[in-house]
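Breakdown of the fold
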Amino acid sequence: MIRLTLVDEKGNVLSPENLATIAELREAQDRARMLIRECERLMDQKSPKKAGARVPYA
């Protein structure tokens, strides 16, 4: 299991219940999505390439 912790600029731990505004919640959502995209990018780099997946000529 992976657990993510939101931390503000002062080092205080935040939970979604502590985010008071829609803007704060949206920022947390955007950052989580960026993290997911980065994990997917790294997975793609590390996954074995399938033979024949590319076009042999252009």
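Quick note: structure is the one above.
Remarks on the overall build of the chain
Scanning the chain from terminus to terminus reveals 1 helix and 2 strands. When the elements of the chain are put in sequence order from the N terminus, they spell out β-β-α. The buried share of the chain, reckoned over its 58 residues, is 5%. As displayed, the chain offers around 6000 Å² of accessible surface, 58% of which is attributable to carbon and sulfur atoms.

Some details on a nonpolar patch on the surface
On the surface, a nonpolar cluster with roughly 350 Å² of combined accessible area is contributed by I2, L4 and L35. Summarising the element assignment, L4 is placed in the segment before β1 (6–7). Look at L4 and you get exposed, because its relative accessible area is 60%.

Brief notes about the environment of A28
Along the polypeptide, A28 turns up in helix α1 (residues 22–46). Each residue touching A28, except ones within four places of it in the same chain, is listed here: L6 and L19.

What counts as what
Residues numbered from 1 in each chain as written. Predicted model: local features only at pLDDT ≥ 70, side-chain atom pairs only at ≥ 80, totals over all residues. Heavy atoms only, no water. Helix = DSSP H or I, 4+ residues; strand = E, 2+ residues; numbered from the N terminus. Buried < 20%, exposed > 50% of the residue type's maximum accessible area, 1.4 Å probe, protein only. Areas by Shrake-Rupley, 256 points an atom, 1.4 Å probe, with all protein chains shown as cover. Patch = residues over 30% accessible without salt bridge, like charges linked within 9 Å, V, L, I, M, F, W, Y side chains within 5 Å. Salt bridge = Lys/Arg side-chain N within 4 Å of Asp/Glu carboxyl O. Contact = heavy atoms within 4.5 Å.

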